[in-house]
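# Structural characterization, general
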Amino acid sequence: MAEKKGKGQMTVEEAGRMGGEIRKEELGSEGYAEIGRKGGETVKEKYGPEFYSEIGHKGGQKGGEAVKEKYGPEFYSEIGHKGGQRVKELIEEGKQSEGGGGRSKK
């Protein structure tokens, strides 16, 4: 893809990364946050706020497909079960902290 041209020369990717690092040092985290905020506002004005929903949905679909391919469809069942067990534990802890001892009040 991006090959070095010769000794002492760098790829466009390397030059871009180096320039980005220098700019990051100049601006600091607040400056980078400001750039991101302005960029987000520009995108919102150009495409509308629903654009973010559309790209989020597309990203979620791609991410879900990658997870399914990597771990298999049964993975979702496993994490769903674990999540349900944790919710059950938290509800029980909440009841105990209220003095209910985990028993329903009648």
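The present account deals with the structure reproduced in this document.

What counts as what
- Residues numbered from 1 in each chain as written.
- Predicted model: local features only at pLDDT ≥ 70, side-chain atom pairs only at ≥ 80, totals over all residues.
- Heavy atoms only, no water.
- Helix = DSSP H or I, 4+ residues; strand = E, 2+ residues; numbered from the N terminus.
- Buried < 20%, exposed > 50% of the residue type's maximum accessible area, 1.4 Å probe, protein only.
- Axes fitted to C-alpha atoms, helices over the stretch in contact; angles between N-to-C directions.
- Parallel < 35°, antiparallel > 145°, perpendicular 65-115°, else oblique.
- Contact = heavy atoms within 4.5 Å.
- Nonpolar A, V, L, I, M, F, W, Y, C, P; charged D, E, K, R; others polar.
- Expected span 1.5 Å × (residues − 1).
- Bend = angle between axes of the 7 residues up to and from the residue.

Once that is clear, we can look at the overall build of the protein chain. A count of helices and strands for the protein chain gives 3 helices and 0 strands. Scanning the protein chain from its N terminus toward the C terminus, one meets helices and strands in the order α-α-α. Counting only residues that meet the buried cut, the protein chain has 5% of its 106 residues in that class.

Attention shifts here to the packing of helix α1 (residues 12–47) against helix α2 (residues 50–71). For the pair α1 and α2, interaxial distance at closest approach is 8 Å and the crossing angle is 100°. By the angle between their axes, α1 is roughly perpendicular relative to α2. Seen from α1, the contacting residues are G40, V43, K44 and Y47; seen from α2, they are E50, F51 and Y52. Across the contact of α1 with α2, the residue classes break down as 4 nonpolar, 1 polar and 2 charged.

Time to look at α1. A turn of α-helix holds 3.6 residues, and therefore any two residues three or four places apart point the same way. Here α1 contains 36 residues, and its C-alpha end-to-end distance of 30 Å is more than 12% below the 52 Å for a straight helix at 1.5 Å per residue. Along α1, the largest kink reaches about 105° and is centred on G28. A positive backbone phi angle near 90° is found at G48, which sits one or two residues after α1.

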